[in-house]
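Descriptive structure summary
Chain residues, written in single-letter form:
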Amino acid sequence: MPFANGPSRIIAVLGIWAMHVGFGACLLLGMFAWVPGVVSLIFLPSFFWETVVPFVRAHIPLSRHVSRNLTLTVYTKGESMWMAATTFCMFFVWGRYQIIDASQAETRDPAPAYASPDRADIALDMKAPPVLDPTQSFGVEYEGKRGLSSGYGGFVSLVEASCLWFVAPLLRRARFASVAQYMTRLTQALEKQHTVFSSWVYPTTPRKVKQYLVVELVILFFVLYILNWNFASFYKYPVNPDIFWIGPTFKIDQYWGMFAPHPPKDSSYFVIHGVTAGGEAVNVFREGEPVTTEKPPLMSQLLPSQRWRQWLQNMPDSRLVQNRLNYGRYLCREWNYWGRHPGDQQLKEFKITWFRSPIRLDGGEVETQSFVIWEHTCF
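Some words on the side chain of serine 357
Position of serine 357 relative to the elements: it lies in strand β8 (residues 347-358). Classification of serine 357 by relative accessible area gives buried; the value is 9%. Beyond its immediate sequence surroundings of up to four residues, serine 357 is in contact with Asp266, Ser267, Val366, Glu367 and Thr368.

Comments concerning the confidence of the model for the chain
Mean pLDDT over the chain: 77, with 76% of residues reaching 70 or higher. This stretch, residues 105-114, has a pLDDT under 50; its non-local contacts, to residues over four places away or in other chains, come to 26 contacts. Contacts of residues 117-128 to residues separated by more than four positions or lying in other chains number 17 contacts, the stretch itself having pLDDT below 50.

Some words on the packing of aromatic side chains
Here the structure, examined in full by the defined rule, presents 17 aromatic pairs. On the basis of an interplanar angle of 40° and a centroid distance of 5.6 Å, the ring pair of tryptophan 308 and tyrosine 330 is categorised as tilted. Of this pair, tryptophan 308 sits in helix α12 (residues 306-314) while tyrosine 330 is found in helix α13 (residues 321-336), placing the two residues 22 residues apart along the sequence. Of the residues examined, tryptophan 308 reaches a relative accessible area of 27% and is grouped as partly exposed. With 5.3 Å between their ring centres and 55° between their planes, tryptophan 311 and tyrosine 327 make a pair best called tilted. Highlighted residues: tryptophan 311 in helix α12 and tyrosine 327 in helix α13, separated in sequence by 16 residues. Overall, the relative accessible area of 29% leaves tryptophan 311 in the partly exposed class.

Points about the pairing of strand β6 (residues 266-276)
Of the strand pairs in this sheet, β6 and β8 are connected by 11 bridges, and their pairing is antiparallel. Note that in β8 the partner of aspartate 266 across the bridge is proline 358. Relative to strand β7 (residues 281-283), β6 runs antiparallel, the two being bridged by three bridges. Pairing of histidine 273 across the sheet is with asparagine 283, part of β7.

What to know about the sheet that holds β6
Spatial ordering of the open sheet is given by β7-β6-β8-β9, a layout of four strands whose pairing is antiparallel. Only two strands of the sheet have a single partner each, and these edge strands are β7 and β9 (369-377). Shown here is a sheet whose adjacent strand axes are inclined to one another by a mean of 25°, direction ignored. The pairing of β8 with β9 spans eight bridges and is antiparallel. Along β9, the bridge assignment pairs phenylalanine 355 with serine 370.

Some remarks on the nonpolar core
Counting 22 residues, the largest nonpolar core has Phe270, Ile272, Val284, Tyr327, Phe350 and Ile352 as its most contacted members. Secondary structure elements with two or more residues in this core: β6, α13, β8 and β9. Among the elements that line this core, the one with the most residues is β8, at five residues. Beyond its immediate stretch of four places on either side in the chain, valine 284 contacts Ile272, His273, Gly274, Leu331, Trp335, Leu347 and Phe350. Listed in part, the 21 residues of the second largest apolar core include Met83, Val93, Tyr97 and Leu158.

Describing the state of the cysteines
As used here, a disulfide is simply a covalent bond connecting the sulfur atoms of two cysteines. Under the defined criterion, the tally for this structure stands at one disulfide. Bridging cysteine 332 to cysteine 378, the disulfide has an S-S length of 2.0 Å. Because the sign of the S-S torsion sets the handedness, a value of about -75° for the bond joining cysteine 332 and cysteine 378 places this disulfide among the left-handed ones. With cysteine 332 in helix α13 and cysteine 378 in the segment after β9, this pair connects stretches of sequence that are 46 residues apart. For cysteine 332, a relative accessible area of 9% gives the class buried. By relative accessible area, cysteine 378 is classed as partly exposed at 22%.

The rules we used
Residue positions are counted from 1 within each chain, in the order its sequence is given. Predicted model: local features are reported for residues with pLDDT of at least 70 only, side-chain atom pairs are reported and counted for 80 or more only, and whole-chain, interface and lining totals are derived from all residues. Where side-chain values are given, they derive from all heavy atoms of the structure, hydrogens and water being excluded. Secondary structure follows DSSP: runs of H or I at least 4 residues long count as helices, runs of E at least 2 residues long count as strands, and numbering of each begins at the N terminus. Buried, partly exposed and exposed residues are distinguished by accessible area as a fraction of the type maximum, computed with a 1.4 Å probe on protein chains only: under 20%, between the cut-offs, and over 50%, respectively. Residues count as neighbours in contact if any of their non-hydrogen atoms are within 4.5 Å of one another. Along the chain, pLDDT gives the predictor's confidence residue by residue, from 0 to 100. For Phe, Tyr and Trp, rings pair up if their centres lie within 6.5 Å, where Trp contributes its six-membered ring, and each pair is then called stacked (planes under 30 degrees apart), edge-to-face (over 60) or tilted (otherwise). For two strands to pair, DSSP has to find at least two bridges joining them. Comment: axis = line fitted to C-alpha atoms, over the contacting stretch for helices; angle = value between 0 and 180 degrees taken between N-to-C directions. Residues belong to a common nonpolar core when they are buried Ala, Val, Leu, Ile, Met, Phe, Trp, Tyr or Cys residues joined through side-chain atoms within 4.5 Å. In this description, a disulfide is simply a cysteine sulfur pair whose atoms lie within 2.5 Å.

Okay, here's the thing in structure tokens:
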């Protein structure tokens, strides 16, 4: 927006979170309620990260290895190591830390190359940097705890001092160490070829982002265009032919098929009845339970995840017949293989019946319709 850009972005992000929290409170959506909310955080303005995040870091410790009175010092050699250490500490080290270029050891210059917001007042009191081993490009020293740890051991010490401390025991395994050393050598080799590009992607000096009126007006035009497009689909009026091409060209021709224009008007559930090699009728979908066509209290609770719920919800679609075949083969394998049901207990055949009934707001009785959407023979 040309004005009040920062507050507007915060309000927009809060609105997105409020919407998805509402969705998640009423519907079983799996990760859908969380992923858009996390993605929307990139739109928060800089002053949010510069004020709220330091405040949280100062009052909510996440690692049992971090003390607020001690300082974590990270030494790096090379641009790639500096970038990696800066990014990791910025997000995962919630204590006091500073990042120093190890090449300063020769000049004994104590000024840090990067520090946490609460580190500026103690930077000048820091002792001179120790000299890293010539073969190492990374080192970590945790004040008052241990001496200098370099190389992969230094990386593990850094993880141990972060909010990801619980991963450190796994990283100490030899297999992880060999992979990390290979990636380090590869990064150092690529750094010599892509220094200019990496400096552009990850600038080492502050850059001021300018706002141009033309850009803001173009964004405003697209926002209004998208609003008009959605109003047209809801109120059933055509978009002006002279500007219709803009939607498909820039892929902003939105279609709200989810929860719109109304929620589903019927309720449905599946029953999968089968016959074993010994002639016994079994409930394939709910193994061990009686063979019945009664509607379960909550169908969604019978499935292990949101992906299963969505997949089975789409199975009655006549365009997805191949999915029914694949699902039938899957049920045969799960029942017959791995020695779960030997001999006469082997599943011979089954059929999938889809039951559908309209939803009445007054809670009155409704007629349930049944459709056999798939019959399958295992052998």
